[in-house]
Amino acid sequence: MRTFRSTLASGVAIAIASTSFLIAPAYGQEEAAEEAGLGEIVVTAQRREENLQDVPLSVTAVSGDKLDAISAGGVDIRGISGRVPSLLVESSFGRTFPRFYIRGLGNTDFDFNASQPVSLVYDDVVLENPILKGFPIFDLERVEVLRGPQGTLFGRNTPAGIVKFDSVKPSDIAGGYGKISYGRFNAINAQGAVGGPLGEKVSVRLSGMYQRQDDYVDNVLPSGTTKDAFEGYKEYAARLQFLIKPSDDLDILLTGQFRSLDGTARLFRANVFTKGQRGLNSNFNRYSVSTDGQNEQSVKTQNASARITYDAGPVSLISVTSIWDGTSSSVGDVDGGFGAAFLPPALTGPGLIPFTAETRDSVPKLQQFTQEFRIASNGDGPLSYQAGVFYFDETLEIVSDNFSTLGDFVGGVGLFTPAGGVNIIASQRQESKAWGVFGSATFAVTDALKLTGGIRYNDDKRDFTASRDFDSFPFDSFLAPPLLGTVTRKTKDDNITWDVSANYAATDDINLYARVARGYRAPSIQGRLLFPPSTATPLEDGVTVGDSETITSYEAGIKSDLLDGRARFNLNGFYYELKDAQLTAVGGGVNANRLLNADKVRGYGFEAEVEFKPISALLLTAGISYNNTSIRDAGLTTAACGAQLGGVDPSICTILDPIVTPAGAGPAIVNINGNSLPQSPEWIANWTARYSIPVGSGEVYAYTDWAYRSKINFFLYESVEFQDKSMLEGGLRVGYKTDKYDFAAFVRNITKDTSAVGGIDFNNLTGFVNEPRIWGVEAAFKF
């Protein structure tokens with residue numbers, strides 16, 4: 001990882017180079033400058049269409065060139081990470097199971113049952129399970145990121161905020177688009193849409209996407225090298241929408257969509273960190289690994305929904321019904337290498353691997369049903385309001401297998417598995433039901449001052465069953481058999497969330513706002529019994545429950561349009577206190593997750609965004625955020641670093657926290673009071689520049705976008721090794737565009753930034769990294 005100064009300097013240099021050679025002559029074109037201006041940004045952050053500048057909360061919308069650039073070359077949903085202030089997205093699964101963090105709040109849990117404090121809302125429907133949240137980006141109107149608690153209008157599990165996706169809807173005007181790109185690693189990204197009227201009362205829109213990429217990472221083993229073994233994938237998705245208008249007052253939107261993905265799971269790389277040192281070491285090679293385990297991944301999800309809107313004059317009645325279901329399977333060599341400690345050194349690598357760890361996590365069944373009824377006022381009177389009821393029902397089944405492809409000691413649980421045999425089988429089944437009733441109103445006290453208040457009642461319950469078993473096979477007589485059995489848990493809670501805000505128009509172009517909001521995350525259960533704490537511990541201790549967490553957030557800011565509409569500047573500051581914070585302790589000696597409740601987590605910071613269009617041909621944007629998070633619980637402890645079985649030093653990493661119990665047969669126990677949250681960088685920054693020159697019937701344009709984040713820790717505890725200093729990724733797109741056609745060349749991660757984005761600590765110093773540099777060409781048309 002290069003230093004921040006050098007990477008930032010490179011990024012700025014390339015950004016300037018990509019536009020400055022075009023900018024100089026343009027400043028003399030006064031007529032073009034007079035025509036320059038920023039358009040209004042329309043968002044639905046408050047469940048109705050509004051100018052972003054009038055919304056009294058921190059929200060960012062991503063669309064147009066920025067969204068096109070982010071998704072170039074088949075980049076998945078993680079591509080929006082860092083492109084918005086206070087937003088980070090990462091995954092230990094690759095193209096599935098994205099984990100979202102807003103203002104430092106997220107969840108590093110890798111289990112399919114993980115509860116996240118950032119909700120993803122797709123076309124007005126919340127997607128609860130992680131395998132649904134990775135639905136691909138295509139044919140979208142915009143992406144909105146709402147920061148801070150959103151409990152009133154969007155309900156449970158939104159204490160950090162939401163990420164909201166709105167697809168393009170059917171129209172009574174015939175048209176569509178298509179685009180295809182080809183790039184590095186034989187990557188193909190194709191998508192398109194077509195739609196229009198089917199008679200006087202029905203319109204339709206069909207959109208689809210296909211992406212594929214070759215394997216490009218070699219697998220180097222003593223027995224030989226397999227070329228191009230990993231990192232390939234094939235994915236396709238489609239969406240069909242019918243908009244039916246039986247009368248002028250009634251709209252019925254019917255949607256069906258699906259996704260299918262087959263490819264490589266996340267590549268874990270053994271011992272790419274060196275004990276006592278920061279950064280990736282010489283074991284790391286982006287284009288090769290040495291692994292003896294399986295690696296594959298598949299996801300299939302389907303959805304059907306109906307949105308019915310009836311305009312009754314003074315009010316509109318809205319019903320949103322949705323059914324999602326899906327299956328998923330992901331197999332990974334968690335130890336990241338080959339061989340184990342009991343094998344001769346020549347047959348192991350890279351570095352010490354105390355035991356093998358190869359796991360498969362599958363979702364054989366996922367069903368989610370949601371229903372919302374809402375009433376919303378119409379008209380331009382001083383009072384506007386909306387109220388509704390919401391129901392959520394989910395059935396989730398998870399199966400986790402621990403096995404060894406080659407056959408050896410597995411998972412550190414004292415069992416011997418024959419080649420290809422399955423060792424431990426852990427199953428989970430969870431039934432979740434929730435409902436809520438809510439209302440929100442805005443009153444214009446004067447032409448300049450608007451007050452908004454909202455309240456919601458939430459009721460949640462979960463029934464959970466976990467079991468642990470193993471296949472029949474002989475194990476060494478001197479080793480104790482594993483604990484087997486079934487554990488059940490039930491949780492139930494209710495909570496009231498609310499928000500109060502004021503929006504004051506100081507001038508026609510400057511709005512001041514303040515907001516206080518209370519959010520809520522429902523109780524969650526973690527019961528991946530693949531590796532309970534130890535064979536001497538009751539099996540029940542392997543199932544942990546996180547009590548409800550509540551957040552109170554305070555925010556104030558300014559939103560301004562400047563220079564006769566040529567510039568936009570928004571700034572806000574915030575402070576929050578999260579009580580009974582649900583935290584996930586990952587790893588630390590066993591490949592398991594445990595839920596903790598911290599007394600408090602405190603956070604504060606600011607977010608700023610600016611857009612500037614000095615002339616019609618040039619658009620500059622930038623955003624920056626600062627987030628300070630701190631765990632406040634004097635007695636909170638967790639396991640840190642796995643134990644090296646048979647090693648001289650029992651701990652695999654260098655712990656920076658106060659040690660309560662030193663490492664011995666198991667990992668060290670450390671106090672984490674005062675630590676920042678994992679995957680919570682203090683600084684996130686992004687900037688873009690677009691410049692164009694008229695040529696013929698179109699324009700030649702250059703667009704560059706950049707994202708930076710500062711240091712992150714991978715776990716609740718702090719160590720020298722499991723962190724990354726910073727990351728800076730940039731992209732460039734150059735092309736020719738007309739009203740109908742767009743031909744472009746693009747590159748992502750233009751500086752070849754190499755950064756660790758996560759780690760695995762229970763076995764060895766394992767890590768995984770960001771995506772490589774890719775490039776390609778793209779052709780698009782619309783009609």
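A quick note: this is a predicted structure, and the numbers were derived from the prediction, not measured.

## Focus: a nonpolar patch on the surface
Where nonpolar side chains cluster on the molecular surface, the patch consists of Tyr 310, Leu 317, Ile 375, Leu 383, Tyr 385, Phe 443, Val 445 and Leu 451 and spans about 660 Å² of accessible area. Within the secondary structure, Phe 443 sits in strand 24 (residues 422-444). Residue classification places Phe 443 among the partly exposed residues on the basis of a relative accessible area of 42%.

## Description of the sheet that holds strand 9 (residues 161-167)
Strands sit in the order 3-8-9-6-7 across an open sheet of five strands; the sheet is mixed. Two strands bound the open sheet, and with one partner strand each, they are strand 3 (59-62) and strand 7 (125-127). When strand polarity is set aside, the average angle formed by the axes of neighbouring strands in this sheet is 25°. When strand 8 (residues 140-147) meets strand 9, the two strands line up antiparallel, connected through seven bridges.

## Side note on the state of the cysteines
Using the criterion set out here, one finds one disulfide in the structure. Note on cysteine connectivity: Cys 641 is disulfide-linked to Cys 653, with sulfurs 1.5 Å apart. Here Cys 641, found in the loop between strand 34 (637-640) and strand 35 (659-661), pairs with Cys 653, found in the loop between strand 34 and strand 35; they are 12 residues apart in sequence, far enough to count as distant. Across the pair, Cys 653 and Cys 641 agree in class, each one buried.

## With respect to the pairing of strand 19 (residues 315-333)
Side-chain positions along a regular strand alternate between the two faces of the sheet. The buried fraction of strand 19 is high, at 14 of 19 residues. Looking at chain direction, strand 18 (residues 296-311) and strand 19 are connected through 16 bridges and run antiparallel. Pairing of Ala 306 across the sheet is with Thr 321, part of strand 19. Looking at chain direction, strand 19 and strand 20 (residues 358-377) are connected through 18 bridges and run antiparallel. The partner of Ile 318 across the bridge, within strand 20, is Arg 374.

## Focus: the sheet that holds strand 36 (residues 668-671)
Ordered by their spatial adjacency, three strands build an open sheet running 34-36-35, and the pairing between neighbours is antiparallel. The strands lining the two open edges of the sheet, one partner per strand, are strand 34 and strand 35. For this sheet the average axis-to-axis angle between neighbouring strands, irrespective of direction, equals 45°. Pairing of strand 34 with strand 36, which is carried by four bridges, proceeds in the antiparallel orientation. The residue of strand 36 that forms the bridge with Ala 639 is Ile 669.

## As for the packing of aromatic side chains
Taken as a whole, this structure holds 25 aromatic pairs when the rule is applied. With a centroid separation of 6.0 Å and 75° between ring planes, the pair formed by Tyr 236 and Phe 258 is classed as edge-to-face. Taken together, the positions of Tyr 236 in strand 15 (residues 233-247) and Phe 258 in strand 16 (residues 250-263) put the pair 22 residues apart, joining distant regions of the chain. On the basis of relative accessible area, Phe 258 is assigned to the partly exposed category, the value being 34%. Over the ring of Phe 574 we find Arg 103; its NZ or CZ atom is 4.0 Å from the centre of that ring.

## Let's talk about empty space enclosed by the protein
One number sums up the size of the largest cavity: a volume of about 800 Å³. In this structure, the largest cavity is lined by 43 residues; those nearest its centre are Val 75, Arg 78, Glu 729, Asn 770 and Glu 771. Considered class by class, the residues forming the lining of the largest cavity number 18 nonpolar, 14 polar and 11 charged. Empty space within the second largest cavity amounts to approximately 390 Å³. Lining of the second largest cavity is provided by 30 residues; of these, Ser 92, Phe 93, Phe 110, Phe 268 and Ile 760 occupy positions nearest its centre. Among the elements of the structure, strand 19, strand 20 and strand 43 (756-760) are those that each provide at least two residues to the lining of the second largest cavity. With four residues, strand 43 is the largest single contributor of residues to the lining of the second largest cavity. Grouping the constituent residues of the lining of the second largest cavity by class yields 13 nonpolar, 11 polar and six charged.

Calculation rules
Residues numbered from 1 in each chain as written. Predicted model: local features only at pLDDT ≥ 70, side-chain atom pairs only at ≥ 80, totals over all residues. Heavy atoms only, no water. Patch = residues over 30% accessible without salt bridge, like charges linked within 9 Å, V, L, I, M, F, W, Y side chains within 5 Å. Areas by Shrake-Rupley, 256 points an atom, 1.4 Å probe, with all protein chains shown as cover. Salt bridge = Lys/Arg side-chain N within 4 Å of Asp/Glu carboxyl O. Helix = DSSP H or I, 4+ residues; strand = E, 2+ residues; numbered from the N terminus. Buried < 20%, exposed > 50% of the residue type's maximum accessible area, 1.4 Å probe, protein only. Pairing = 2+ DSSP bridges. Axes fitted to C-alpha atoms, helices over the stretch in contact; angles between N-to-C directions. Disulfide = S-S within 2.5 Å. Phe/Tyr/Trp six-rings, centres within 6.5 Å; stacked < 30°, edge-to-face > 60°. Lys NZ or Arg CZ within 6 Å of the ring centre and 35° of its normal. 1 Å grid on protein atoms, 1.4 Å probe; cavity = no way out; pocket = protein on both sides within 12 Å on 5 of 7 lines; lining within 4 Å. Points joined across faces, edges and corners; volume = space filled by probe spheres on them. Nonpolar A, V, L, I, M, F, W, Y, C, P; charged D, E, K, R; others polar.

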